[in-house]
Amino acid sequence: MVASLDYISVCLINTGKGTPFISALELRLLDNSTYQAANESQSLRLYTRLDPGSTSGKRIRYPDDDYDRIWSPWVENFWTPINTSFSINLRNHVGYQPALALQNNQSREFSFSIDGRYVYGPFSPKYLSVGTIFITSPLSGQTQHVVDLYKTTSSTLPPILNAVEIYTVKQLTSPTDGQDVDAIMNIKAIYQIKRNWMGDPCLPVNYSWNGLSCSYPYSSSPTIISLDLSSSGLTGELAPSLANLTSIRSLDVSNNSLTGPVPDFLAQLSSLKILKLTNNQFTGPIPAILLEKSKDGSLSLSFDNNTNLSGLPDINHCEDGSCKKRTKDSCSYTSFIYFSTSCANNYGFCTSEIYTKEKTKREKKKAKLENANPYCNKNKALAAHCTKELKPTSTSPKRTRKETEPTQNLDYPNSLSPPEARLS
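What comes next is a walk through the structure. Remember, it's a predicted structure, so these values are computed and weren't measured experimentally.

Cut-offs and rules
- Residues numbered from 1 in each chain as written.
- Predicted model: local features only at pLDDT ≥ 70, side-chain atom pairs only at ≥ 80, totals over all residues.
- Heavy atoms only, no water.
- Pairing = 2+ DSSP bridges.
- Helix = DSSP H or I, 4+ residues; strand = E, 2+ residues; numbered from the N terminus.
- Salt bridge = Lys/Arg side-chain N within 4 Å of Asp/Glu carboxyl O.
- Buried < 20%, exposed > 50% of the residue type's maximum accessible area, 1.4 Å probe, protein only.
- Phe/Tyr/Trp six-rings, centres within 6.5 Å; stacked < 30°, edge-to-face > 60°.
- Lys NZ or Arg CZ within 6 Å of the ring centre and 35° of its normal.
- Polar contact = N/O pair within 3.5 Å; in protein donor to acceptor, adjacent residues only side chain to side chain.
- Contact = heavy atoms within 4.5 Å.
- Core = buried A, V, L, I, M, F, W, Y, C linked by side-chain atoms within 4.5 Å.

This part takes up the pairing of strand S1 (residues 42–51). Two faces make up the sheet, and in a regular strand the side chains alternate between them. For S1 and strand S6 (residues 164–171), the ladder comprises 8 bridges, and the chain directions are antiparallel. By the bridge assignment, Leu44 is partnered in S6 with Val169. Both S1 and strand S2 (residues 72–73) contribute to a ladder of 2 bridges, which runs parallel. Pairing of Leu50 across the sheet is with Ser72, part of S2.

Laid out in structure tokens, this is it:
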């Protein structure tokens, strides 16, 4: 196989026959031109490796083969062995010595075919040198193939064959994007992640790293799109290598002990849609760009329980946390009231919810609306105005819809008005 990175990930998978293990693993570094059919999208799996020139009937390997390839003898009665005492001019990446010998006025030239179809030739091996013929396209459709080597009309000697290798082709899935791999490996090292993070982060698909989600484009390498490091015992600052996860859409580092400022590079992650910083010890202000993205809805940002953060915006629609204790009931029913534009735009949200809760319970049919609006209570100058405008009018149309009918989205002031309410 051809490694696309400076390292190779080896993954063992339990197929139901017990926990797999490795007792020894050896790698041999070869020149890229040794097996040219191998590339980043396909590897070669050895089918057989034969030595037709064997005279001992034994396997040969290192030191006769510099790369410790094991050659099995292929002895046939019709072979005519030849040898030479001269030194052979070797190419470094081949590593074994075929015997090629020619005498004066002799020539050796041949072509070869597969299943009767011409493939290559004429080929004339150089005197006392190594030559290799290979095909890069796999054969298919048959259980047996016939390879013919035949001399040309100008050749005085028959073809020569010193070694045969046959491989099957294994199509490979592109490994995870190299930049993402480097980034996540750096994150693993910085935070000393104790999870079972080994091998390729995204592959095999069903065995991606715990806490990661990946995207698998058809024509390119997988990329990391989600990273969940919540409750992982992280300390220190956010790792700068997070900036290299350029495809990430969701980042969760909540419930840790992270310190330092919220870094600006988070705002440069154009695909980031969810950022959870809750329950940490971050300091300083949140980058303005992140706040702007949160405001326009392009980023879901949470940063609660970071007491050392400064310059935080008022994200609540009511004073003194009066909206923080909303119950499910208080938001579950349609509000049958009229309220003024001024109050609705400011704090009508809470008024709507609280009054609805009062009316649906029918505990106090004549509840005073001013008591339902904390803003009006705290601002006496507007209390009379709010009270007057918020009271149901005597000309209010009768309601035929059930009071227990759920409202539409009541999460934001702009969506407060159900079909039964209107701004005056």
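Strand-to-strand pairing in sheets goes through backbone hydrogen bonds, with the strands running parallel or antiparallel. The 3 strands lie next to each other as S2-S1-S6, forming an open sheet whose pairing is mixed. If you trace the sheet from one side to the other, it starts and ends with S2 and S6, each paired once.

What the rule picks out here adds up to 5 salt bridges. Among the ionic pairs, Arg61 bridges to Asp68, the shortest N-O distance being 2.8 Å. The exposure class of Arg61 is partly exposed, given its relative accessible area of 41%. The structure contains a network of salt bridges with shared partners spanning Glu26, Arg28, Arg61 and Asp68.

Moving on: the packing of aromatic side chains. Considering all chains together, one arrives at 5 aromatic pairs under this definition. When the centroid spacing of 5.4 Å and the interplanar angle of 65° are considered together, the rings of Tyr35 and Tyr167 count as edge-to-face. Taken together, the positions of Tyr35 in the segment before S1 and Tyr167 in strand S6 put the pair 132 residues apart, joining distant regions of the chain. For the pair Phe110 and Phe123, a centre-to-centre distance of 5.7 Å together with 75° between the ring planes defines the contact as edge-to-face. Placement of Phe110 in strand S3 (residues 110–114) and of Phe123 in strand S4 (residues 117–123) is noted, with a sequence separation of 13 residues between them. Grouped by ring-pair contacts, the aromatic residues Phe110, Phe112, Tyr120 and Phe123 constitute a single cluster. Over the ring of Trp71 we find Arg49; its NZ or CZ atom is 5.5 Å from the centre of that ring.

So, about the pairing of strand S7 (residues 212–215). Taking every second residue as pointing to the same face, the buried face of S7 carries Leu212 and Cys214, while none of Ser213 and Ser215 on the other face is buried. Inspection of the sheet shows S7 paired to strand S8 (residues 223–228) by 4 bridges, in the antiparallel sense. Its bridge partner lying in S8, Leu212 is registered against Leu227.

Here we take up the side chain of Thr278. In this fold, Thr278 is placed in the loop between strand S12 (274–276) and strand S13 (281–285). Classification of Thr278 as buried rests on a relative accessible area of 16%. Among the polar contacts listed, one links the side chain of Thr278 to the side chain of Ser302, at a separation of 3.4 Å. Discounting chain neighbours no more than four positions away, the residues touching Thr278 are Ser254, Asn255, Ser302, Phe303, Asp304 and Asn306.

Moving on, we come to the nonpolar core. Residues Ile187, Leu227, Leu251, Leu266 and Leu275 are the most contacted members of the largest nonpolar core, which totals 37 residues. Put simply, the parts of the chain that give this core at least two residues each are helix H1 (178–191), S7 and S8. Among the elements that line this core, the one with the most residues is H1, at 4 residues. Sequence-distant contacts of Leu275, that is, excluding residues within four places in its chain, are made with Leu251, Leu266, Leu290, Leu299, Ser300, Leu301 and Ser302.

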